[in-house]
Every structure is written in structure tokens, then in C-alpha cells.
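Observations on the model geometry
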Protein chains: 2
Amino acid sequence: MTRAQDGFAVEATGALPNPSAVGLVAVIVAATDGEPRALTVRVPGQATGRETGLPAGPLVPEHPTLERGLRAWVERQTQQRLGYVEQLYTFGDRDRQGDDSGGLHSLSVAYLALVREMRSAALPEASWHNWYAFLPWEDWRAGRPATLDDIEAKLLAWAAGAVDAKIRRRREDRLGLTFGIGGGAWNEERVLERYELLFEAGLIPEAQGQSGEACATDIATTGRPMTFDHRRVLATAIGRLRGKIKYRPVVFELMPPTFTLFQLQRTVEALSGANLHKQNFRRLVAQQGLVEETDEVTSGAAGRPARLVRFRREVLLERPAPGFRLTPSRRSS
Amino acid sequence: MTRAQDGFAVEATGALPNPSAVGLVAVIVAATDGEPRALTVRVPGQATGRETGLPAGPLVPEHPTLERGLRAWVERQTQQRLGYVEQLYTFGDRDRQGDDSGGLHSLSVAYLALVREMRSAALPEASWHNWYAFLPWEDWRAGRPATLDDIEAKLLAWAAGAVDAKIRRRREDRLGLTFGIGGGAWNEERVLERYELLFEAGLIPEAQGQSGEACATDIATTGRPMTFDHRRVLATAIGRLRGKIKYRPVVFELMPPTFTLFQLQRTVEALSGANLHKQNFRRLVAQQGLVEETDEVTSGAAGRPARLVRFRREVLLERPAPGFRLTPSRRSS
DNA sequence: GGCACAATGCTCAGAATGAGCATATATGAG
DNA sequence: CTCATATATGCTCATTCTGAGCATTGTGCC
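Just so it is clear, the structure is predicted and the values come from calculations on it, not from any experiment.

**So, the overall build of chain A**
Helix and strand content of chain A: nine helices and nine strands. Out of the 333 residues in chain A, the part that is buried amounts to 54%. Taking all contacts inside chain A whose residues are at least 6 apart in sequence as the whole, residues at least 24 apart take part in 65%. Counting every atom, chain A has about 14700 Å² of accessible surface; 49% of that belongs to carbon and sulfur.

Now the structure itself:
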């Protein structure tokens, strides 16, 4: 162990002291009926109102890669085939993870998985939840969320309560950047930054025992809490996914084999939390060659029947980076 | 530990069995004289030609977050102030990390750090290397890298040698996607995918002992090897950085306090490995308001003196996502 | 002065974007 | 049957963005 503590050492990447407890957390996402859903489980022994968490488990060392371990684990537990899987982030904050695992430093490696809608086989302990139940300020599809009035007021109070002018200025800047308070624009990708800001401002019940202060908000305003730091993980996932759909055709992992363009649009809107201009959305999808027509059309629903399309897998080989640009329509927001 | 192995359990994220060995690896990047450089260290006891590695070390549990731990560790060792720091990826492949750490599953959490050029204080064990020494096919600034002829031939042979037609087809698709072989475009962000493809094709010496086959290439073709899987980490970093500079003003972390637009362009080109159209680059920087003029100009060098500019920090608060679009100029490629 | 070399200003055609109008074809109420 | 309603789909148009290139302006150097 030469210079392991001291020099700018390179030990074998694996041969290190201080073993740590490592876990996996999964954000498993589906989109059903135009709503974005995450798979949650009930965690016994948590404080009231905080029993809902993300599927999490130990690192299983049998598998050659972390991702394959995760796949096997999830697929075995849920009979749910995972499509797209992506590593999200490794969380290792001392004071945000719940407990401390008997002196071991604890890490959790978070993954994002996209699955096709699964109606059958409800899991015994797991259930799907609209992810905006946990982060209600993120859903702008029906216009500016009402909860933001309350949140803004409390955040402004928090900024005003800073100990000195410099910190106050910094806080105000952050309010502008994340929540668009004070003339800034709402950037739908900054999900994590918004959550973290609320956390710091003491508006998130999960922060209890952190700063010690009582939480100044109710669930209606700041959404349903989750176990440990799982809401943070969820926020990370949403932010990442909102970014990704702009330049990679990942939404199709959430769609059934055939679908209409409007269903596709609804799904993109569900993920991004904003409404899109319909005609331009179709033009985009057409231009990029993302889908090909089938010879079927929908029937039964109101309105003119729509043509069913399917994802053109070939685009994965063609364009440099196919995806959607998300320009919110002015109309409905 | 109810259901820890069995159910779809959520234990405390930290309270998990199977402790693992966790390390940190850092890709520390600077840009000096228009060349992209990474900080490397010499690792004793490695096979000849593979003594060069990235700075790596144990996870230090004293710090509240991983990132702060990394900062403290690097800044202490190098007297080098880190500007931008970002978590890259957590590598946990069983068979790619070097050794196995006595039965512990080993992970390494990789970080990317950007630093301002540092000429003074050469570190005792560390040195800066042009990162294209390790990945020579990634540098298109002087036109298509010569090494690609050799690489293409070998990759095509690898694809042709597939056991059945289906696998061959898949391999050919990947050649097109990553290296643009067969009519595809070169996407400068796919650094990792290209490296991994070469690895799988047996063209990377680090793969030795992996598939067992001798390596079919020399350093001139496939670049300088590194310790363990560090070249993979470097490739991850380059790909990520190339993506990031397009939508975030991170290049400025690599620039001195004042600089000319051309120096900025050279830096962006160094990172992205492609040349840009000069006038359009200036237009872009001007439009985005990324810099503000100083009243100084350069002197001494050949050519008309250039105005020195500095980064406008305010943009961090203004635009939704300032950065560069990288459209390679046709002229010089 | 004349040359090499950058910096800087400006133009222009084509593509991409944001917005909206118009029309087609369903369902369901009355 | 007809109308209201809801969606699907085609098309236009002004604006902005992009990629490319021409022209001019300063400097150091021989």
C-alpha cells in the first residue's frame, strides 16, 4: 500500500482500504395514458408519510457489470423486461442517505430504466405512481402549477432571511436560475437543482433532522416525500431523461409497438412537463424519420382516426443524434 | 435484513451486505497552447508500456460528499485549484479493473476536473500529456488521422471474422455508428464507444489476458496504453466534455483570465478534435454574450493584434444553456 | 514598400423554427 | 340528419439560424 494515503498514488483501482457499503437504486419509468410513472415500493419502518421509496437493493457481486446486475435483479423481481438502462449518478453524501451502515461509508449507484407500459401482473409490494405526485411543481402541462405561488413566496422569504447581503444575492440568483423567479426562464431540465434548492430552503420534509428546523410546508405544496434521499434520485432521473429525449430517441422505449403520433407527443409532454405545438411536433418526427407508417388506423375514440406508426429502428444507425427538440407551445402555457 | 436478498427490498440505502472496495479516479484536464492535456501519474509495478495511469486513490470517508473529498485530495496533492468538477461514471466491471481486491467487489467512481493551465510547480510524480497520445484517432484537427486507415482495415477484418451473419451485420453496424465506416458520419462525442469497440476487437493491449489473444496492433496505431481501465475512463471524460461544451460554458474553466477569441477557438478545437469556421465561431460567441472586451490587445505575435476578452460570468445567470455548437468547417478537414 | 499572417466586418443562400390557418373525418347529442 | 366537438393532417409564412465565403484592416518582418 505504498503511498495510498499520502502520495498522489495509484493503487490498483480495486485494491483500496476502507471498504464501503454499496447499493443500487433504480428509477423505473413507464408512461401510461400519457402520464409519467415511476415504480415505487413500500418501505416498512419509516416515519409516517415517508414509507414510499424507490426499488433498491444490495450490489450483487455475481454479475460482470453493474448494469447487468441491475437488469437481472429487476427483471427477476418484477417480471418486467427493461428496455433502456442508463447509469444516473453515484450518491455518496454522508448525511443524506439515511443511516450510516455501521461505520462503512455508504454509496448508492442509481440507474434509470425505461419500460413499456405494463398493466398486468401488479407486483405485490410495488406500485406505479405519477412522478409529479412527488415533484408537483414540475408539471406545466396544464399551465403554471398552482403550487408555485406558495413555493415562490416561501423561497423569497428564505432568500430574504439570509445572514448577509452577499448570501442573499447568491440565493436570489439561484431562485432566478432554477425557478425563474425574477424574470428568468423556466428550464425544464433543472429538476434536481430545483429540488435541492427546496431542500436547502427547508421546504422538504426529508431535510428534517438535517438542519433540525421544522418543515414549513405541506404535501400539497411540495409533494409527497419519499424514503431516504430517493426523491433526489427521482429528480436526477427526471432531469436526465428530459435532457436525453432531446437528442436521443429514447421515448420509444416507453411506447407500445405501434402508436399514434399524438400518443407519442403526449408521452414526450408527460416526460418534459410541457405542452408542444402539435403540427410542429409532427413535422419534426417526420423530418427525422423517427417513425414509419403501418397500414392500421385507430378507431373508436372521438375525432378523426389516426394512423398507427412504429419506431424506425434504422434511425439508430443513421442520424448522428436523433431526438426531439422541445419548444413549448405558447398557446397552452 | 428482511428481504434483502429476496424480495424487491428496500433496505436502508446504506445498510447492505457485501462491503466493496471503492476508489476515486480523476481525469484532470488542462489546455495549454491549444493542446488538450490530462494529468497522469507513473504507476510502478505495471507491465512495460503500461505504467502511465490517471491519478487515483482511495475513497476518503472524512468528507461529506464525494466531490468535496476529491477536491480536497487533488488540491492537497497538486496545489492545483480545481475549477469545474463533475462526476463522470462509476465503473464496476468485474473483469476490467485490474485486480479483484481480495474478494471485495471493486468500484471506481470517476470524476472529470477542469483546471487552468499550470506551468509552474511540476509535480514530482505527475506529468501532463496530450490526451490524443492515448487516443490518436480522435484528433481530426489536421485532417483525418492517418492511424484510421490501419484501424479501419483491422476493424473490417474483425467484422468479417464474425462467426455468423447476424453477428457480422451487428459488427458492421457498429463500425458505421462509431467510426463512420461505410458511409456514416464521424460523431466526435462517441469517444467511449469507439474505444470500447477497439477493445472488443482486440486492438487494445489493455484487453490482454481478457480474451487471451495477442494484440494485433502497435502503439503508433492505437495509441499509448494506460494502467488498468484508465484509458476507458479517459475516453469517457473526453466524450462527456465534448458534449458538454456544446451547451454549457465550461471551456472558460480552462482559459486564463483574459484571452483572445482565437485562443478560445483553439481550445474548443483541441477538446472537440475538429476545426471550426473562424468567423462563425466569433459570431456565435458574440451572439451568446459569452465574453466581454477588455481594453487590452495582444502584441508581439505575427498578424494583426487581437483584442483580449474575458468570460462574462453573468451568462451563467442569463441564458438557459450557453455553450458552443460545433460545426466542423469543411475547409480544413 | 511588400509580404505573410491574423483579426475583423459583412453578405448571402438555404435550412430550421415558431406560429397559425384551413380542411378532413370521426363520435355523440338532440 | 345535423350540429357540436374532437382530433388528424396539410400547408403557409415570416423570422431566425447556419454554413460558407469575400473583403478589408492592422502588425511584424525582410
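**Structural notes on the packing of aromatic side chains**
The tally for this structure, following the rule as stated, stands at 14 aromatic pairs over all chains. Taking 4.7 Å as the distance between ring centres and 45° as the angle between the ring planes, the aromatic pair formed by A:Trp140 and A:Trp186 counts as tilted. Of this pair, A:Trp140 sits in the loop between strand S7 (126–130) and helix H2 (147–160) while A:Trp186 sits in the loop between helix H3 (165–179) and helix H4 (191–200), and the two are 46 residues apart along the sequence. With centroids separated by 6.0 Å and ring planes inclined at 70°, the aromatic side chains of B:Phe179 and B:Trp186 adopt a geometry described as edge-to-face. For B:Phe179, a relative accessible area of 5% gives the class buried.

**Describing the packing of helix H3 (residues 165–179) of chain B against helix H4 (residues 191–200) of chain B**
Think of two packed helices as two axes; the pair is described by the angle between the axes and how far apart they sit. Residue and element names in this part refer to chain B. At a closest axis distance of 9 Å, the pairing of H3 and H4 adopts a crossing angle of 145°. By crossing handedness, the relation of H3 to H4 is classed as left-handed. In this structure, H3 contributes Arg174, Leu175, Thr178 and Phe179 to the contact, and H4 contributes Glu193, Arg194, Leu197, Leu198 and Glu200. Of the residues belonging to the contact of H3 with H4, the class tally is four nonpolar, one polar and four charged.

**Focus: the packing of helix H7 (residues 261–272) of chain B against helix H8 (residues 278–288) of chain B**
All names here are of chain B. At their nearest, the axes of H7 and H8 sit 11 Å apart, and the two run at 105° to each other. Between H7 and H8, the angle falls in the class roughly perpendicular. Residue-level inspection shows Leu261, Phe262, Leu264, Gln265 and Val268 of H7 in contact with H8, the latter providing Lys278, Phe281, Arg282 and Val285.

**Things to note about helix H6 (residues 230–244) of chain A**
Between its first and last C-alpha, H6(A) extends 21 Å over 15 residues, near the 21 Å set by a 1.5 Å rise per residue. Within H6(A), 14 of the 15 residues are buried, which leaves the element mostly enclosed by the surrounding structure.

**Things to note about the pattern of salt bridges**
Residue and element names in this part refer to chain A. On inspection of all chains with the given rule, the structure shows 44 salt bridges over all chains. Here Lys246 ties to Glu189 by a salt bridge, and the two come within 2.6 Å at their closest N and O atoms. Note that Lys246 is positioned in the loop between H6 and helix H7 (261–272) and Glu189 in the loop between H3 and H4, a separation of 57 residues in sequence. Residue class for Lys246 comes out partly exposed when judged on its relative accessible area of 23%. Given the relative accessible area of 32%, Glu189 is considered partly exposed.

Rules used in this analysis
Residues numbered from 1 in each chain as written. Chains lettered and ligands numbered in written order. Predicted model: local features only at pLDDT ≥ 70, side-chain atom pairs only at ≥ 80, totals over all residues. Heavy atoms only, no water. Helix = DSSP H or I, 4+ residues; strand = E, 2+ residues; numbered from the N terminus. Buried < 20%, exposed > 50% of the residue type's maximum accessible area, 1.4 Å probe, protein only. Contact = heavy atoms within 4.5 Å. Areas by Shrake-Rupley, 256 points an atom, 1.4 Å probe, with all protein chains shown as cover. Phe/Tyr/Trp six-rings, centres within 6.5 Å; stacked < 30°, edge-to-face > 60°. Axes fitted to C-alpha atoms, helices over the stretch in contact; angles between N-to-C directions. Left-handed = near helix turned anticlockwise from the far one by under 90°. Nonpolar A, V, L, I, M, F, W, Y, C, P; charged D, E, K, R; others polar. Parallel < 35°, antiparallel > 145°, perpendicular 65-115°, else oblique. Expected span 1.5 Å × (residues − 1). Salt bridge = Lys/Arg side-chain N within 4 Å of Asp/Glu carboxyl O.

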